[in-house]
Amino acid sequence: MREIKITLENRISTVYAGESLSAIRQFTSPDNSVIVTDGNILRHYTDMFDDFPVIEIGTGEEIKNLSTIENIMRKMIELRCTRNTFLVGIGGGVVSDIAGFAASIFMRGVRFGFVSTSLLSQVDASVGGKNGVNIGMTKNMAGVFSQPEFVICDHRMLGTLPREEYINGIAELVKTACLDNNGLYEFVHSNKEKILSMEMETVSEAVYRCVRYKASVVEADEKENDLRRVLNLGHTVGHAIEKIKGMKHGFAIAAGMGIALDISVMNGHADKNYADEVKSLLEFFGLPCGIKGIIDKDEIPDIMDAIESDKKRESDSVNFILLKKTGEPFTKAMGFNELSDIINGALSADGGFR
Ligand SMILES: NC(=O)c1ccc[n+]([C@@H]2O[C@H](COP(=O)([O-])OP(=O)(O)OC[C@H]3O[C@@H](n4cnc5c(N)ncnc54)[C@H](O)[C@@H]3O)[C@@H](O)[C@H]2O)c1
Ligand SMILES: [Zn+2]
């Protein structure tokens, strides 16, 4: 087990990478805690916390909404929760986004922590204090920045994760590998077979390095005023694909990373060989590496509408994250018309895209 501390003003959030779910008892007890989790976690792991009061939420992105938050808070009232109640979210990114938000607003905020159970949430979602829900089909439109006291990343729990969900998480792992300037990309590249086959020691090292990178970014810019934006690599177009095509988050952002790489090459920022290598890595893991075959030309207006309603927009442009090379992301304000033309070009049979 390895600890990573995220120090923010007078608060510390600690991530325990490689710790076990059973360690929640070191931080909380059934007397003052409530667990928020989903049906899949309950099915596999209920005997590990059956002495705790449990609030079960449904599964999937569709339940990441304000009515789920209201239901959790109604149940917390029924359970006679107080300001001293500790909320523990056990699950993937959907559970942590929801549980963190509910905890942050119940009675103006109670303490909370997570057990992160999916690869996507261990490498990304559970760390960093962004909590929230979707409004209608628009992603993460309501939420707060609020740090969990602890995040336990139990790698053994990945053993029950459906294969598709594991691959979904690899997308955020590759994203982080592209952003990190501390050797994570080389590590992922040279250990790709072991990562694909879920070799535990390698996965554990990769998760640890992802958390370490994200912790450093969050410490530098908790509220995403500037630096933290780079974590949105692939997400501008990715969120739009997720919304329009109902594709899983990781698969959608992998497609979005593909187009971000294309734009980086087209604008002369990145080397084409480098972009091709990252795309090959995504393909190796069974992820998309562009938007061709995912969206049709007649869907471009819907994609542009989705991008315009996304909160990363600034008036008539969007903050697009591009990449010069591994560890060198940067933000570029891009006009909607320019972006629409690029997406159109990417979908043309003879466009200069891979
Ligand atoms: N807050 C952030 O900074 C941040 C960052 C990235 C992504 N996200 C959000 O995270 C969400 C996606 O997270 P996710 O992919 O973990 O989704 P998820 O929570 O829906 O989990 C995926 C599926 O796997 C199941 N599952 C999880 N762990 C399991 C286990 N150990 N065994 C068996 N089944 C298990 C879940 O029940 C669910 O069906 C999206 O809503 C995305 O917007 C948030
Ligand atoms: Zn993401």
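Residues numbered from 1 in each chain as written. Chains lettered and ligands numbered in written order. Predicted model: local features only at pLDDT ≥ 70, side-chain atom pairs only at ≥ 80, totals over all residues. Heavy atoms only, no water.

A. Examining the side chain of S13 more closely. For S13, the position within the fold is in strand β2 (residues 11-17). A distance of 2.6 Å separates a polar atom in the side chain of S13 from the backbone oxygen of P148. Excluding anything up to four places from it in sequence, S13 contacts I4, K5, I6, Q147, P148 and E149. (Helix = DSSP H or I, 4+ residues; strand = E, 2+ residues; numbered from the N terminus. Polar contact = N/O pair within 3.5 Å; in protein donor to acceptor, adjacent residues only side chain to side chain. Contact = heavy atoms within 4.5 Å.)

B. Representation of the coordination of the zinc ion (ligand 2). The protein atoms donating to the zinc ion (ligand 2) are E172 (OE), H235 (NE2) and H249 (NE2), with metal-donor distances spanning 1.9 to 2.1 Å. Within one chain, the residues donating to the zinc ion (ligand 2) are spaced in sequence as E-x62-H-x13-H. Of this pair, E172 sits in helix α6 (residues 163-179) while H249 sits in helix α11 (residues 249-266), and the two are 77 residues apart along the sequence. (Donors = N, O, S within 2.8 Å, 3.2 Å for Na, K, Ca; no water.)

C. Seen up close, the pattern of salt bridges. All chains considered together, the criterion is met by 22 salt bridges. For the salt bridge of E61 with K64, the shortest nitrogen-to-oxygen distance reads 3.8 Å. On the accessibility criterion, K64 (4% relative accessible area) is buried. Note that E338 is salt-bridged to K332, the shortest N-O span being 3.9 Å. A relative accessible area of 33% means that E338 is categorised as partly exposed. Through salt bridges with shared partners, a single ionic network connects E61, K64, D97, K139 and E242. (Salt bridge = Lys/Arg side-chain N within 4 Å of Asp/Glu carboxyl O. Buried < 20%, exposed > 50% of the residue type's maximum accessible area, 1.4 Å probe, protein only.)

D. Geometry of the packing of α6 against helix α9 (residues 200-220). Running from N to C, α6 and α9 cross one another at 50 degrees; their axes reach a closest spacing of 10 Å. Classified by the angle between their axes, α6 and α9 sit oblique to one another. α9 is crossed by α6, and the crossing has left-handed handedness. Residues Y166, L173, T176 and L179 of α6 touch α9, and the partners they reach there are V203, A206, C210 and Y213. Each residue belonging to the contact of α6 with α9 can be placed in one class, and the counts come to seven nonpolar, one polar and no charged. (Axes fitted to C-alpha atoms, helices over the stretch in contact; angles between N-to-C directions. Parallel < 35°, antiparallel > 145°, perpendicular 65-115°, else oblique. Left-handed = near helix turned anticlockwise from the far one by under 90°. Nonpolar A, V, L, I, M, F, W, Y, C, P; charged D, E, K, R; others polar.)

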